[in-house]
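# Coordinates in review
Chain residues, written in single-letter form:
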Amino acid sequence: MNMNKECDSRTAFLKNGDNAKVASKEKNIRNESRRKEIKSITRKIYARLLVYIAIFIIGFVCAISFGKIISVVFSFPLVENFIEKKMKKYFIIKYEFLTRCVVVLAISSILGGCVLYFNLNENISAAFCALMNPSTVSKIDSYKSPNASPDIHEPKRLETEEQEWLEKQNSKLLEIFNHIVVTQADYECASKIMLSKDISNYIFFLDGQYKIESWDNEEDILLKVSCLTRNKHKEKNKNVFDQEANELEKNEINAISNRQKNKKGKNIPISERLDDTNTRSNFYSTMPKASLALLLANDYHLFALIAFYYGYPDDVIIYYYVKSIEYQLEYISFKEVSDETVKEKLIWISTRYEDIVFTCNDTTEASLAKKLAYAFRCLSSEY
């Protein structure tokens, strides 16, 4: 096959700055979402504070009434005879303030206990929230336990075929997948993600040096796929991160892996996992490293599975699969990667294209992915 002229595909297609911009955009979207959550939580705190103030006032009023009742009781002849006048006067005057304080606290505690026991503070605080900001009425959360997460986004109802497909995915990813917590805010944030045109053209061979001119010509498709793969593998890139990163930067990257390892089996917000991925991506854009590329490919594969399970828009699912393929192509560009490993990764890439076909079968990208999946699988036999 005639090979097109080689070029530095990282410069021509990936545009390192583009990765940083996408990561920054994602982070800004999540920060805005968090600010809204904090604002909502602040309203709830103020609302509950008003509830407790109301309880105290009610307790104070009850104490005054209770004090008046005691005064009336003390005024009865039988009580007066039972308690000497001086003792009554001493008790009422000198200890009146202290007595009322104790009564206020006692009644307030009883009222507060009743409110908490019957979970009335949720309804009352919701009413205060609605009073302060009517637009938040539909967003008020009901916490069932201290560990419950607000606005949990429920997964979609899977068909039998979808369930079986999901169960066949990588077992290590599924173990992480089963402990990822997705909120409504996470869903809304992800829905705003957009794939850059450059990366889309690169992964779907729509423009540039490896543009496929005829999608009905299998030989042309295989030629362009083969050209890209061989050029990537010929780059023989070095692990720049190992050479240029300082100790602080190395510790930051190592800390991510250690933290994820320590949290294995525990529920983790997807936003935390996304932050880790963005940190890795930012480092990779300036100081590439083979292991970082591999971690990023797996991270984005995980996000694609989550996006499918939770019913994210097709554009978001495709975005995550495209990013996973992008970083797997980056991985095979490093000097340490053998031909045998390239073969393994080409099959992996082919499978990710097949995943796009399965999860987003009604899209234009799926029709292209089907042909690319076949080409990458055929090419793997050459290694």
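Refer to the structure printed above.
None of these values were measured; they are calculated from a predicted model.

Definitions and cut-offs
- Residues numbered from 1 in each chain as written.
- Predicted model: local features only at pLDDT ≥ 70, side-chain atom pairs only at ≥ 80, totals over all residues.
- Heavy atoms only, no water.
- Phe/Tyr/Trp six-rings, centres within 6.5 Å; stacked < 30°, edge-to-face > 60°.
- Helix = DSSP H or I, 4+ residues; strand = E, 2+ residues; numbered from the N terminus.
- Buried < 20%, exposed > 50% of the residue type's maximum accessible area, 1.4 Å probe, protein only.
- Lys NZ or Arg CZ within 6 Å of the ring centre and 35° of its normal.
- Expected span 1.5 Å × (residues − 1).
- Contact = heavy atoms within 4.5 Å.
- Core = buried A, V, L, I, M, F, W, Y, C linked by side-chain atoms within 4.5 Å.
- Axes fitted to C-alpha atoms, helices over the stretch in contact; angles between N-to-C directions.
- Parallel < 35°, antiparallel > 145°, perpendicular 65-115°, else oblique.
- Left-handed = near helix turned anticlockwise from the far one by under 90°.
- Nonpolar A, V, L, I, M, F, W, Y, C, P; charged D, E, K, R; others polar.

This part takes up the packing of aromatic side chains. For any two aromatic rings, the description comes down to two numbers: the centre-to-centre distance and the angle of the planes. By the definition in use, this model includes 17 aromatic pairs. Seen in terms of ring centroids, Tyr300 and Phe303 are 6.1 Å apart; in terms of plane orientation they differ by 80°. Their pairing is edge-to-face. Of the two residues, Tyr300 and Phe303 are both situated in helix H15 (residues 290-309); the distance of 3 residues between them amounts to about one turn of the helix. The exposure class of Phe303 is buried, given its relative accessible area of 1%. On the numbers, 5.1 Å between centres and 85° between planes, the contact of Tyr309 with Tyr310 is edge-to-face. Residue Tyr310 is classed as buried on the basis of its relative accessible area of 12%. These aromatic residues form a ring-pair network of at least three members: Tyr284, Tyr300, Phe303, Tyr319, Tyr320, Tyr327 and Phe334. The residue whose ring lies beneath Arg352 is Trp348, and the NZ or CZ to ring-centre distance is 4.7 Å.

Glancing now at helix H17 (residues 339-359). Under the 1.5 Å per step criterion, the end-to-end length of H17 is 30 Å for 21 residues, consistent within 8% with the ideal 30 Å. The set of residues buried in H17 consists of Thr341, Val342, Lys345, Leu346, Trp348, Ile349, Ser350, Arg352, Tyr353, Asp355, Ile356 and Thr359. Contact partners of the buried residues in H17: helix H7 (160-167), helix H10 (197-203), helix H11 (218-234), H15, helix H16 (314-331) and helix H18 (364-380).

Counting 74 residues, the largest nonpolar core has Phe205, Tyr320 and Tyr353 as its most contacted members. Apart from the residues within four sequence positions on either side, Phe205 is in contact with Tyr210, Lys211, Ile212, Trp215, Lys224, Val225, Leu228, Tyr353, Leu372 and Phe376.

Direction vectors running N to C along H7 and H15 enclose 160°, while the axes themselves pass 12 Å from each other. As the angle between them shows, H7 and H15 are arranged roughly antiparallel. Remark: the crossing between H7 and H15 carries left-handed chirality. Taken together, the residues of H15 that come into contact with H7 (itself represented by Glu162, Trp165 and Leu166) are Leu305, Phe308 and Tyr309. The residue inventory of the contact of H7 with H15, partitioned by class, reads 5 nonpolar, no polar and 1 charged.

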